[in-house]
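# Observations on the model geometry
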Amino acid sequence: MMAKKKRILILNGPNLNLLGKRQPEIYGRLTLEEIGREIRSLAKQLSVTVEIRQSNNEGELVDWIQQAPAQFGAIVINPAAYTHSSVAMRDAIIAAGIPAIEIHISNIYKREAFRKHSYIAGVAVGQITGFGVQSYLLGLRAAVECL
Ligand code: DQA
């Protein structure tokens, strides 16, 4: 089995299951599955394994973050709307104690005022925002650098 350090968990928050049909002018036309294919192809090049999950449920995301250190060396997370509301996810990232990279497809600083605040940013290694699907790929590269 591959060492857990070489495994990266990619987490997606609420409504990201709708990518491709949800506000394509903001989030693009790729589905989460298509983005997943690009992520897996980069992961292969970088010699790491990725597991990609999505949930619309805050508690499930918290559970996955809590469990991550047993299997993964780092987390790339698009917390979606929970970015702007979830103290629970922030606390889970602190408790997990492995590097987390926050990513967003859109540039959260160019949009509504309520999106400018992230509960996650202060506990992430860093934040990548506004590069579309590339945000995931840049996030994966950043995570690999943190292993
Ligand atoms: C998002 C930005 C969030 O503000 C929004 O709630 C999302 C997606 C992004 O990837 O651009 O659902 O995280």
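Located above this text is the structure these notes cover.
These numbers were taken from a predicted model, which means no experiment stands behind them. (Residues numbered from 1 in each chain as written. Predicted model: local features only at pLDDT ≥ 70, side-chain atom pairs only at ≥ 80, totals over all residues. Heavy atoms only, no water.)

## Concerning the packing of aromatic side chains
Under the defined criterion, the tally for this structure stands at 0 aromatic pairs. Of note, R53 hangs over the ring of W64, and the distance from its end group to the ring centre comes to 5.3 Å. (Phe/Tyr/Trp six-rings, centres within 6.5 Å; stacked < 30°, edge-to-face > 60°. Lys NZ or Arg CZ within 6 Å of the ring centre and 35° of its normal.)

## Section: helix α3 (residues 58-67)
Buried within α3 we find L61, V62, W64 and I65. Each buried residue of α3 lies within a common arc of 165° when the element is viewed along its axis, so the set occupies one face. In this structure, the buried side of α3 is in contact with β1 (7-12), β2 (49-54), β3 (74-78) and α4 (87-96). By the N-cap criterion, in which a side-chain oxygen at the helix start approaches the backbone nitrogen of a residue two or three places on, α3 is capped by N57, the distance to G59 being 2.9 Å. (Buried < 20%, exposed > 50% of the residue type's maximum accessible area, 1.4 Å probe, protein only. Helix = DSSP H or I, 4+ residues; strand = E, 2+ residues; numbered from the N terminus. Arc of directions from axis to C-beta. Contact = heavy atoms within 4.5 Å. Polar contact = N/O pair within 3.5 Å; in protein donor to acceptor, adjacent residues only side chain to side chain.)

## What to know about the site of the ligand
Every residue near the ligand is listed here: R22, Y27, N78, A80, A81, H84, H104, I105, S106, I108 and R115. Here an oxygen atom of the ligand sits 2.8 Å away from a polar atom, N or O, in the side chain of N78. Between the ligand and the protein, one listed contact pairs an oxygen atom with a side-chain N or O atom of H104 at 2.8 Å. Here the ligand, which alone exposes 320 Å², has 99% of that area covered by the protein. Broken down by class, the residue content of the shell around the ligand amounts to 5 nonpolar, 4 polar and 2 charged. (Near = heavy atom within 4 Å. Areas by Shrake-Rupley, 256 points an atom, 1.4 Å probe, with all protein chains shown as cover. Nonpolar A, V, L, I, M, F, W, Y, C, P; charged D, E, K, R; others polar.)

## Quick look at the side chain of S106
Checked against the element boundaries, S106 lands in the loop between β4 (100-104) and β5 (126-129). Residue S106 is classed as buried on the basis of its relative accessible area of 8%. Separated by 2.9 Å, the side chains of S106 and R111 make a polar contact. With near-sequence residues (within four places) excluded, S106 lies in contact with I26, Y27, R111, T129 and G130.

## Observations regarding unusual backbone geometry
Located in the positive-phi region is Q23, a residue other than glycine, with phi close to 35°. Relative to the elements of secondary structure, Q23 occurs in the loop between β1 and α1 (24-27). Residue classification places Q23 among the partly exposed residues on the basis of a relative accessible area of 36%. A positive phi is found at S47, a non-glycine position, where the angle reads about 60°. With respect to the element layout, S47 can be found in the loop between α2 (32-45) and β2.

## Things to note about the pattern of salt bridges
Applying the stated rule across the entire model yields 5 salt bridges. Between E33 and R37 there is a salt bridge, with the nearest N and O atoms lying 3.5 Å from each other. With E33 and R37 both in helix α2 and 4 residues apart, this pair spans about one turn of that helix. Side by side, E33 and R37 carry an identical accessibility label, which is exposed. The partner of E51 in a salt bridge is R53, and the shortest N-O contact between them spans 2.7 Å. Judged by its relative accessible area of 17%, R53 is buried. A single salt-bridge network, built from bridges that share partners, covers R7, E51 and R53. (Salt bridge = Lys/Arg side-chain N within 4 Å of Asp/Glu carboxyl O.)

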